[in-house]
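Here are the chains, one letter per residue:
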Amino acid sequence: MNTNNIQIDSQGKLRHLLKIDGLSRSHLTQILDIADQYIAYNQHKYSALDSLKNYTSVNLLFENSTRTRVSFELAAKRLGVEVINFDLSTSSIQKGETMLDTIHTLQAMHCNFFVIRHSENNIVEFIAQNVNHEVAVINAGDGTHAHPSQALLDMLTIRQHKKSFEHLKVAIVGDIRHSRVAHSAITALPILGCKDIRIIGPDFLLPESKITGVEMFRDMKKGLEDVDVIMMLRIQKERIKNTSLPDIQEYYENYGLTPKKLKLAKPDAIVMHPGPMNRGIEIDSSIADGPQSVILQQVSNGVAVRMAIFSVLAETLAL
Ligand code: CP
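No experiment lies behind these values; they were computed from the predicted model shown. (Residues numbered from 1 in each chain as written. Predicted model: local features only at pLDDT ≥ 70, side-chain atom pairs only at ≥ 80, totals over all residues. Heavy atoms only, no water.)

## Some details on the overall build of the protein
Okay, so step 1: Within the protein, the secondary structure is distributed over 11 helices and nine strands.
Okay, so step 2: Relative to the compact-globule value of 20 Å for 319 residues, the protein shows a C-alpha radius of gyration of 19 Å, a close match.
Okay, so step 3: Over its C-alpha atoms, taken along the principal directions, the protein stretches across nearly 55 × 45 × 35 Å.
Okay, so step 4: In the protein, of all internal contacts separated by at least 6 residues, the share reaching a separation of at least 24 is 73%.
Okay, so step 5: Accessible surface, the protein: about 14,000 Å² in total, of which carbon and sulfur atoms supply 50%.
Okay, so step 6: Each charge class in the protein can be summarised by its mean position, and for the 34 positive and 35 negative side chains these summaries are 3 Å apart. (Helix = DSSP H or I, 4+ residues; strand = E, 2+ residues; numbered from the N terminus. Rg over C-alpha atoms; globule rule 2.2 N^0.38 Å. Contact = heavy atoms within 4.5 Å. Areas by Shrake-Rupley, 256 points an atom, 1.4 Å probe, with all protein chains shown as cover. Lys, Arg positive; Asp, Glu negative; His and termini not counted. Charge placed at Lys NZ, Arg CZ, Asp CG, Glu CD.)

## So, the site of the ligand
Okay, so step 1: What surrounds the ligand is the set Ser65, Thr66, Arg67, Thr68, Arg117, His147, Gln150, Pro274 and Gly275.
Okay, so step 2: Here an oxygen atom of the ligand sits 2.6 Å away from a polar atom, N or O, in the side chain of Ser65.
Okay, so step 3: For the ligand, an oxygen atom lies 2.9 Å from a polar atom in the backbone of Thr66.
Okay, so step 4: Here the ligand loses 92% of its free accessible area of 260 Å² to cover by the protein chains. (Near = heavy atom within 4 Å. Polar contact = N/O pair within 3.5 Å; in protein donor to acceptor, adjacent residues only side chain to side chain.)

## A look at helix α3 (residues 99-108)
Okay, so step 1: Of the positions making up α3, those classed as buried are Met99, Leu100, Thr102, Ile103, Leu106 and Gln107. Within α3, the buried residues cover an arc of 160° as seen down the axis, which keeps them to one side.
Okay, so step 2: Packed against the buried residues of α3 are β1 (56-61), β3 (113-118) and α4 (123-128).
Okay, so step 3: Positive backbone phi, at 65°, marks His110, one or two positions downstream of α3. (Buried < 20%, exposed > 50% of the residue type's maximum accessible area, 1.4 Å probe, protein only. Arc of directions from axis to C-beta.)

## Focus on the sheet that holds strand β4 (residues 136-142)
The strands making up a sheet are joined through hydrogen bonds of the backbone, oriented either antiparallel or parallel.
Okay, so step 1: Judged by pairing direction, the sheet is parallel, and its four strands sit side by side in the order β2-β1-β3-β4 without closing on themselves. Of all the strands in the sheet, the pair left with one neighbour each is β2 (82-85) and β4. With strand direction ignored, the average angle separating the axes of adjacent strands in the sheet is 15°.
Okay, so step 2: Sheet topology note: the β3/β4 ladder contains five bridges and is parallel. In the strand pairing of β4, Ile116 is matched with Asn139. (Pairing = 2+ DSSP bridges. Axes fitted to C-alpha atoms, helices over the stretch in contact; angles between N-to-C directions.)

## Re helix α8 (residues 248-255)
Okay, so step 1: Of the positions making up α8, those classed as buried are Tyr251, Tyr252 and Tyr255. Down the axis of α8, the smallest arc covering the buried residues is 100°, so these residues share one side.
Okay, so step 2: In this structure, the buried side of α8 is in contact with β5 (169-173), β6 (196-200), α7 (220-223), β8 (229-232) and α9 (259-262).
Okay, so step 3: For α8, the side-chain oxygen to backbone nitrogen distance between the N-cap and Gln249 is 3.3 Å, and the N-cap itself is Asp247.

## With respect to the domain arrangement of the protein
Interface size is often expressed as the accessible area that is lost when the parts come together.
Okay, so step 1: Along its sequence, the protein is carved into domain 1 (3-147 + 300-314) and domain 2 (148-294).
Okay, so step 2: With centres defined by C-alpha atoms, the gap from domain 1 to domain 2 works out at 26 Å.
Okay, so step 3: A combined buried area of about 2,500 Å² lies between domain 1 and domain 2, and 61% of that area is made up of carbon and sulfur atoms.
Okay, so step 4: Summed over the three residues of domain 1 that lose the most area to domain 2, namely Ile20, Leu32 and His147, the buried surface amounts to 28% of that side.
Okay, so step 5: Counting the contacts that link domain 1 with domain 2 gives five salt bridges.
Okay, so step 6: Of the charged contacts in the structure, one is a salt bridge between Glu63 and Arg239, with a shortest N-O distance of 3.1 Å.
Okay, so step 7: Connecting domain 1 to domain 2 are 15 residue pairs in polar contact (both at pLDDT 80 or more).
Okay, so step 8: Looking at the side of domain 1 that touches domain 2, the elements that each hand over two or more residues are α1 (25-44), α2 (67-78), β3, β4 and α11 (295-314).
Okay, so step 9: Top contributing element to the side of domain 1 that touches domain 2 by residue count: α1, with nine residues.
Okay, so step 10: Of the residues assigned to the side of domain 1 that touches domain 2, the class counts are 13 nonpolar, 11 polar and 10 charged. (Domains from an automatic or database assignment. Buried area = accessible area lost by both parts, 1.4 Å probe. Salt bridge = Lys/Arg side-chain N within 4 Å of Asp/Glu carboxyl O. Nonpolar A, V, L, I, M, F, W, Y, C, P; charged D, E, K, R; others polar.)

## What to know about the pattern of salt bridges
Okay, so step 1: Taken as a whole, this structure holds 14 salt bridges when the rule is applied.
Okay, so step 2: Of the charged contacts in the structure, one is a salt bridge between Lys19 and Glu125, with a shortest N-O distance of 3.7 Å. Pair noted here: Lys19 is in the segment before α1 and Glu125 is in helix α4, with a separation of 106 residues, a long-range link.
Okay, so step 3: What makes Glu125 buried here is its relative accessible area of 18%.
Okay, so step 4: Residue Asp228 is joined to Lys266 by a salt bridge in which the shortest nitrogen-to-oxygen separation is 2.9 Å. One end of the pair, Asp228, is in the loop between α7 and β8; the other, Lys266, is in the loop between α9 and β9 (270-272), and 38 residues separate them in sequence.
Okay, so step 5: Here Lys266 falls in the partly exposed class, since its relative accessible area comes to 22%.
Okay, so step 6: By sharing partners, the salt bridges in this structure join Arg25, Glu166 and Lys195 into a single network.

If you want it as structure tokens, here you go:
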């Protein structure tokens, strides 16, 4: 095991999925290529696959979720994986059991995939260091740090529309500072060859320090000029402490994606949003539901990408 990067095994294969950092282009394209094959399966609802029928997945989501929880569950079931939706509110964590004791308890019952969402950055790394060869940990979003399966489904969606990443201009708009989605996308895009990444937002939502290779804009009109991809983000109110939130109308005027601002991008630009959306704050409804929006396609791709993640991780588990 490479101790510098717990998510890669000694053969260079994906052992856990914790973050995009440390993964190569071939790790990412392997998952995207396998996901492509599952897209047809998801569209046509062929008879259930049973390629992973000996595996069990546990959803351990310590933060709210709609898309990630449901798509990990569907992805697992479509591969024949048994799924346990761990109910935190009725679990022994409420009696003081530690997270690690809970993990070891589930491991003793031979559960194999732990899909974990938590408010604490890097907690998934700690868990991955403390599980046995039968378990793979999948980060379903940790704090402001990483959301790798979201980045992979975002990359798949971009690839479906734009084919190559080499000459793309990608703008990420809104609350970059508190967004694990933005952090994972900003890492994944250059790995796949994208050289023009712009982040756009007010000072208090931009990163505190410069990110190498990423251009920062306070003026949305300048940042959106000629871009191919616009990724909108909601303000992560639950993570913002000690700062007063902006006036909603003022924020919408400056950083909301309106039809007028969308015209600054290329005519065939796609509009993305990881969800959940706050309509009328970061995005106008006419755009969210309009012809350039690929937001629901992102959701559909999420199931195929998560099927691919299970399939790839299963190869490195020793049951
Ligand atoms: N994009 C995303 O993580 O959505 P959920 O919070 O609904 O899972």
